[in-house]
2 protein chains.
Amino acid sequence: MEFRFREGEEVVDLPDGTDAGVYFIGRIRTPWSDRKDCPRQGREDGPKCRIELDARWASALHGVADYTWLDVLYWLDKGRRDLVIQNPKSDGKLFGTFALRSPQRPNPIGLSRVRLERVEGTTLVVRGLDCLDGTPLIDIKPNRCEFTPKAPPKPGV
Amino acid sequence: MEFRFREGEEVVDLPDGTDAGVYFIGRIRTPWSDRKDCPRQGREDGPKCRIELDARWASALHGVADYTWLDVLYWLDKGRRDLVIQNPKSDGKLFGTFALRSPQRPNPIGLSRVRLERVEGTTLVVRGLDCLDGTPLIDIKPNRCEFTPKAPPKPGV
């Protein structure tokens, strides 16, 4: 993986090991096969993309079709995990990683709110993604704006 | 970890191994030390909570104070990862895991949009969390509603 630093960018030493493990539960199909072509952010009027869930998890889609908006989490492992200061425009302006939605971050988890067009078996057809074709899927949740908890309220608020 | 199934709940076999590793980059401090007391969803007028980032990542906070709304990702490993059909109310109504924001999911990643009150060194004081005290932090991003990419647009939209 070649990586070219821009002026002012900073890295730190990574921890010796990781603390928890992620399952890739499917793949995301998008029109973009080169990082240079991916949009910087998904748009709800962007092109249709497909979220292909592995058959193992099929039952977990029950009820998903009731939502228009979903939060999709995916794994962006093409970048550096040790970059803490970034220079997104190569113009000398520096930002901390947590002030950016950049794919270079300690845990490279991408998050998009997508518009669900339809469910076809274990595939969701959506708009609003911004990632490379083949990106590993890690989670799907109803977007919080539309979601009301299905269990009774609790005192903790 | 004891787990009591409710009527109709279903599990699947988990894959043999995980595919990627997550670093715990800090801890979240909340008023809730028992799962029974945690709210079902964070609220922007909920109690103040503290996101304590490990010193290693301190520089990555540069610029975070400019945002009011952040997306916070955390790791909820107290539940089952193999539950695909859930009965949240114990009333026989069944939902697929991806139609819920339940902590029981293949990759137990919690996601809250929080309101940033202030930054104190490597600690963020926020409102809007819903997790147990001590929950591992895995990512902080500007919420997409407020965030405009810092790099030039690209053709892929």
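Keep in mind that what you see is a predicted model, and the values were worked out from it rather than measured. (Residues numbered from 1 in each chain as written. Chains lettered and ligands numbered in written order. Predicted model: local features only at pLDDT ≥ 70, side-chain atom pairs only at ≥ 80, totals over all residues. Heavy atoms only, no water.)

Peer 1: Help me out: how do you make sense of the UniProt feature "domain: TsaA-like" (unreviewed entry) in chain A in this one?
Peer 2: Residues annotated in UniProt with the feature "domain: TsaA-like" (unreviewed entry) correspond here to residues 22-152 of chain A. Within the segment residues 22-152 of chain A, helix and strand shares are 0% and 37% respectively, and the terminal C-alpha atoms sit 30 Å apart. (UniProt positions renumbered as here; feature names shortened; annotations may be inferred. Helix = DSSP H or I, 4+ residues; strand = E, 2+ residues; numbered from the N terminus.)

Peer 1: For this particular structure, what's the right way to read the interface of chain B and chain A?
Peer 2: Many structure descriptions define interface size as the accessible area lost when the parts assemble. Each side of the interface is counted separately: chain B has 74 residues, and chain A has 74 residues. Buried surface at the junction of chain B and chain A, both sides included, amounts to about 7,300 Å², of which 63% is carbon and sulfur. Here chain B is connected to chain A by 4 salt bridges. Between A:Asp71 and B:Arg101 there is a salt bridge, with its nearest N and O atoms 3.0 Å apart. Our count for the contact surface shared by chain B and chain A stands at 36 residue pairs in polar contact (both at pLDDT 80 or more). Among the secondary structure elements, those contributing two or more residues to the side of chain B that touches chain A are β2 (20-22), β5 (69-75), β6 (83-86), β7 (95-96), β8 (109-120) and β10 (135-142) of chain B. (Contact = heavy atoms within 4.5 Å. Buried area = accessible area lost by both parts, 1.4 Å probe. Salt bridge = Lys/Arg side-chain N within 4 Å of Asp/Glu carboxyl O. Polar contact = N/O pair within 3.5 Å; in protein donor to acceptor, adjacent residues only side chain to side chain.)

Peer 1: Looking at this model, I keep getting lost on the sheet that holds strand β10 (residues 135-142) of chain A. Mind explaining?
Peer 2: Pairing between sheet strands relies on hydrogen bonds along the backbone, with the strands arranged either parallel or antiparallel. Residues and elements named next belong to chain A. In spatial order, the strands read β3-β4-β9-β8-β5-β10; together these 6 strands close into a barrel with antiparallel pairing. Recorded for the sheet is a direction-independent mean angle of 45° between the axes of neighbouring strands. Relative to strand β9 (residues 123-127), strand β8 (residues 109-120) runs antiparallel, the two being bridged by 5 bridges. Residue pairing across strands places arginine 118 opposite valine 125, the latter belonging to β9. (Pairing = 2+ DSSP bridges. Axes fitted to C-alpha atoms, helices over the stretch in contact; angles between N-to-C directions.)

Peer 1: How should the relation of the copies chain B and chain A be read in this particular structure?
Peer 2: Copy one and copy two of the chain differ by a rotation about an axis and a translation along that axis. Expressed as a screw operation, the relation of chain B to chain A combines 0.0 Å of axial shift with a rotation of 180°, fitting to an RMSD of 0.0 Å. Seen this way, the second copy is the image of the first under a two-fold rotation axis. When C-alpha distances to the rotation axis are compared across chain B, the minimum falls at B:Gly21, with a value of 2.3 Å. Of all interface residues in chain B, 100% are interface residues in chain A too; the two copies therefore contact each other through one and the same surface. (Least-squares fit on C-alpha atoms with pLDDT ≥ 70 in both.)

Peer 1: When you look at the pairing of β10(A) in this model, what are you seeing that I'm missing?
Peer 2: Along any regular strand the residues' side chains alternate between the sheet's two faces. Residues and elements named next belong to chain A. Within β10, 8 of the 8 residues are buried, leaving the element largely enclosed by the surrounding structure. Strand direction decides the pairing type here: strand β3 (residues 26-29) and β10, joined by 3 bridges, are antiparallel. Within β10, the position partnered with arginine 27 by the bridge is proline 136. Bridge count for strand β5 (residues 69-75) against β10 is 5 bridges, and the pairing is antiparallel. (Buried < 20%, exposed > 50% of the residue type's maximum accessible area, 1.4 Å probe, protein only.)

Peer 1: Just checking my understanding: could you explain the packing of aromatic side chains for this structure?
Peer 2: What describes a pair of aromatic rings is the distance from one ring centre to the other and the angle between the planes of the rings. Counted according to the given criterion, the structure contains 4 aromatic pairs over all chains. Taking 6.4 Å as the distance between ring centres and 45° as the angle between the ring planes, the aromatic pair formed by A:Tyr67 and A:Phe147 counts as tilted. Here the residue A:Tyr67 occupies a position in the loop between β4 (48-53) and β5, and A:Phe147 occupies one in the segment after β10, the gap between them amounting to 80 residues. For the pair A:Tyr67 and A:Phe147, one class covers both residues: buried. Their ring planes at 75° and their centres at 5.2 Å tell us that B:Phe3 and B:Phe5 sit as a pair that is edge-to-face. Residue classification places B:Phe3 among the partly exposed residues on the basis of a relative accessible area of 25%. For B:Phe5, a relative accessible area of 42% gives the class partly exposed. Its guanidinium or amino end placed over the ring of A:Trp69, A:Arg113 lies 4.1 Å from that ring's centre, counting from NZ or CZ. (Phe/Tyr/Trp six-rings, centres within 6.5 Å; stacked < 30°, edge-to-face > 60°. Lys NZ or Arg CZ within 6 Å of the ring centre and 35° of its normal.)

Peer 1: Would you mind showing me how to read empty space enclosed by the protein here?
Peer 2: The probe, sized like a water molecule, is rolled over the atoms to show the empty space still left. This structure, assessed with the given rule, holds 1 cavity of 30 Å³ or more. In this structure, the largest cavity encloses a volume near 40 Å³. Residue lining of the largest cavity: A:Arg144, B:Gln41, B:Gly42, B:Arg101, B:Leu111, B:Ser112, B:Arg113, B:Gly128 and B:Asp130, and that is the complete set. Residues of the lining of the largest cavity, tallied by class, amount to 1 nonpolar, 4 polar and 4 charged. (1 Å grid on protein atoms, 1.4 Å probe; cavity = no way out; pocket = protein on both sides within 12 Å on 5 of 7 lines; lining within 4 Å. Points joined across faces, edges and corners; volume = space filled by probe spheres on them. Nonpolar A, V, L, I, M, F, W, Y, C, P; charged D, E, K, R; others polar.)

Peer 1: Can you walk me through the nonpolar core in this structure?
Peer 2: Nonpolar side chains tend toward joint burial in soluble globular proteins. Counting residues in hydrophobic clusters, the biggest one holds 33 residues, and the most contacted among them are A:Ile51, A:Leu124, A:Leu129 and B:Phe98. Residue assignment for this core shows that the elements contributing at least two residues are β4, β5, β8, β9 and β10 of chain A together with β6 of chain B. Residues A:Ile85, B:Val64, B:Leu70 and B:Phe147 belong to the second largest nonpolar core, which totals 31 residues. (Core = buried A, V, L, I, M, F, W, Y, C linked by side-chain atoms within 4.5 Å.)

Peer 1: Explanation requested: unusual backbone geometry in the structure shown.
Peer 2: Among all residues except glycine, the phi angle is most often negative; among peptide bonds, the trans geometry is most common. Residue and element names in this part refer to chain A. With a phi angle near 55°, serine 90 is a residue other than glycine that sits in the positive phi range. Tracing the sequence through the fold places serine 90 in the loop between β6 (83-86) and β7 (95-96). Residue classification places serine 90 among the partly exposed residues on the basis of a relative accessible area of 47%.

Peer 1: Explain the state of the cysteines here, please?
Peer 2: By definition, a disulfide links the sulfur atoms of two cysteine residues through a covalent bond. The final tally for this structure, using the stated rule, is 0 disulfides over all chains. With no disulfide of its own, A:Cys145 lies closest to B:Cys145 among cysteine sulfurs, the gap being 7.0 Å. For A:Cys145, a relative accessible area of 67% translates into the label exposed. Left unpaired, B:Cys49 is separated from the closest cysteine sulfur, that of B:Cys131, by 7.0 Å. (Disulfide = S-S within 2.5 Å.)

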